[in-house]
Amino acid sequence: MTTSAERTRVAIVGAGPAGLLLSHLLAASGIESVVVDQRSREEIENTIRAGILEQGTVDLLAATGASTRVLTDGHRHDGIELRFAGEGHRIDFPSLTGRSVWLYPQHEVLRDLVATRLADGQDLRFGVTVDHVADATSDRPRIVGTDDEGRPFEIEADFVVGADGSRSVVRAAVTGSSTGGYFREYPFAWFGILCEAPPSSEELIYSNSPNGFALISQRSATVQRMYFQCDPEADPHALDEEAIWAELQSRVPGTTLQEGRIFQRDVLRFRSFVAHELRRGRLALIGDAAHTVPPTGAKGMNLAVADVVLLHRALTALLDDRDERPLEAFAEVALRRIWKAQHFSWWMTSMLHVAPDASDFDRRRQEGELRSVVESEAGRTYLAEAYTGWPFETRL
Ligand code: PHB
């Protein structure tokens, strides 16, 4: 079988936010890349994901021209509400940190990025399956697989990036196994809905109730996103609309939810994961290929963006100046933020959800924890700093 061998400077596997943003920053630095993804453009642009962008993510997307719509179509949120023991407590971000967050769904970021990259002439290929990385330890690694017509292909590069999500294929070449990492599962999941209704609240409500957790989020004036804690094995189609509204409503006492037709439902499993290695030679992992966080801290895509900022710096030093030092520091520096975000996501999750085996002691202790946060400026500030995002590290 003949394969057409091609060459590029950076081969990026995965056209999610991490891979596309990296290709965008590299192009701005004059470094050519090829981005391949197994999925179709339509699938990528329509996958429903979380919606909160940190201040630093928004600033970067706007300043680099990756997304200009984020500032016009996104909504700035200056706070969230933590609700427990029947009362709401607002965490005001600007007064505590000088920063805010933006509600702008990830698939909108993806639409902007795909459009920007294609308009710039980026080599971006959909429907391409990467099977493995060949010559992974050499300085000419290759991605090997089949293209959108089922023909074998190979792309040789100075550097290969795995931005191919939680089921990463590149990960095996970096860590030595497709699963190799630090891992934690949770005994609950989120039942998520999209519905046609006006907003029930102007800001997000994270509610800890005796019946379990609920999150009231928004999408637009006419579409809302809401979640409630459920069993990881729950069947998203087992409940009728009335039962879903009853579950949600019982978990946000004090707010009357605006109900409407539910047109999308899904069950999101909770996992925490960090790959054992983020880099090996001329290969690196970023985004969900490198780590997964439970969604309670709204960190997922923001963490991917922070990885991209670091890897972009490391790659420009390597490829423009033959300076290997930033690349040598990449994993260590990236991991500091990753583990802070892991902690924050785990903490928000455990503080707000009701574990299936929670004792009376656990429930009362949790209420004490929530009070310690909302009644202390230091506590509110820690939450606000983490939620709005720590400044990006730029020294490598
Ligand atoms: C969402 O709107 O989908 C969303 C918001 C905040 C989260 C998770 C998901 O923490």
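Small disclaimer: the values here were computed from a predicted structure and weren't measured.

A. Quick look at the overall build of the chain. Secondary structure summary: the chain contains 12 helices and 19 strands in total. Against the 2.2 N^0.38 benchmark of 21 Å for 396 residues, the chain shows a C-alpha radius of gyration of 21 Å, consistent with a compact globule. Counting only C-alpha atoms, the chain reaches 65 × 40 × 40 Å along its principal axes. Long-range contacts, defined here as pairs at least 24 residues apart, represent 72% of the contacts in the chain between residues at least 6 apart.

B. The packing of helix α11 (residues 360-374) against helix α12 (residues 377-388), seen in detail. For the pair α11 and α12, the least separation of the axes is 5 Å and the interaxial angle reads 90°. It follows that α11 is roughly perpendicular to α12 by the angle criterion. Residues S372, V373 and V374 of α11 touch α12, and the partners they reach there are G379, R380 and L383.

C. The site of the ligand, seen in detail. The environment of the ligand is made up of A50, G51, I52, L204, S217, R225, P295, T296 and A298. Class assignment of the residues belonging to the shell around the ligand gives a composition of 5 nonpolar, 3 polar and 1 charged.

D. Fine view of the sheet that holds strand β16 (residues 261-275). The strand order across the open sheet built from 8 strands is β6-β5-β13-β14-β15-β12-β16-β19, with neighbouring strands paired in mixed fashion. Strands at the two margins of the open sheet, each flanked by one partner only, are β6 (87-92) and β19 (291-292). Summarising the sheet, strand β5 (residues 79-84) and β6 pair through 6 bridges and their orientation is antiparallel. Directly across from F84, in β6, lies its bridge partner E87. Lying on the sheet, α11 is in contact with β5, β6 and β13 (204-209); it crosses β5 at an angle near 150°.

E. Representation of the UniProt feature "domain: FAD-binding" (unreviewed entry) in the chain within the structure. Under the UniProt annotation, the feature "domain: FAD-binding" (unreviewed entry) is placed at residues 7-344. Secondary structure across residues 7-344 divides into 32% helix and 34% strand, with the first and last C-alpha atoms of the span separated by 41 Å.

F. Representation of α12 in the model. Helix length check: α12 (12 residues) gives 16 Å between terminal C-alpha atoms against 16 Å at 1.5 Å per residue, within 8%. Within α12, the full set of buried residues consists of R380, L383, A384, A386, Y387 and T388. G389 sits one or two residues past α12 and shows a positive phi near 105°.

G. Expanded view of the sheet that holds strand β4 (residues 75-77). Across the sheet, 3 strands lie side by side as β3-β7-β4; this open sheet has antiparallel pairing. What marks the edges here is a single partner per strand, and that holds for β3 (52-54) and β4. For this sheet the average axis-to-axis angle between neighbouring strands, irrespective of direction, equals 35°. Alignment of β4 against strand β7 (residues 101-103), held across 3 bridges, turns out to be antiparallel. Looking across to β7, one finds that H75 is bridged to L103. Along the sheet face, helix α3 (residues 55-63) touches β3 and β7 and points at about 80° away from the line of β3.

H. Structural detail: the nonpolar core. With 108 residues, the main nonpolar core has V13, L22, V161, V170, I286, V308 and L311 as its most contacted residues. At 12 residues, the largest contribution of residues to this core is made by helix α9 (residues 300-321). Excluding residues within four positions of it along the chain, V161 makes contact with V10, I12, V13, G19, L22, A284, I286 and L311.

I. Here's a closer look at unusual backbone geometry. Despite not being glycine, D135 has its phi angle at roughly 50°, a positive value. Note that D135 resides in the loop between β9 (129-134) and β10 (142-146). When the 15 C-beta atoms within 10 Å are taken as the criterion, D135 is described as partly exposed. With a phi angle near 50°, R322 is a residue other than glycine that sits in the positive phi range. Locating R322 in the fold gives a position in the loop between α9 and α10 (325-352). Under the C-beta neighbour-count criterion, R322 is labelled exposed, with 7 such atoms within 10 Å.

J. View of the environment of R336. Mapping R336 onto the fold places it in helix α10. Residues R336 and R76 lie 260 residues apart in sequence; the distance between their C-alpha atoms is 27 Å.

Reading the values: rules and limits
- Residues numbered from 1 in each chain as written.
- Predicted model: local features only at pLDDT ≥ 70, side-chain atom pairs only at ≥ 80, totals over all residues.
- Helix = DSSP H or I, 4+ residues; strand = E, 2+ residues; numbered from the N terminus.
- Rg over C-alpha atoms; globule rule 2.2 N^0.38 Å.
- Contact = placed C-beta atoms within 7 Å.
- Axes fitted to C-alpha atoms, helices over the stretch in contact; angles between N-to-C directions.
- Parallel < 35°, antiparallel > 145°, perpendicular 65-115°, else oblique.
- Near = placed C-beta within 6 Å.
- Nonpolar A, V, L, I, M, F, W, Y, C, P; charged D, E, K, R; others polar.
- Pairing = 2+ DSSP bridges.
- UniProt positions renumbered as here; feature names shortened; annotations may be inferred.
- Expected span 1.5 Å × (residues − 1).
- Buried ≥ 20, exposed ≤ 12 C-beta atoms within 10 Å, placed from the backbone.
- Core = buried A, V, L, I, M, F, W, Y, C linked by C-beta atoms within 7 Å.

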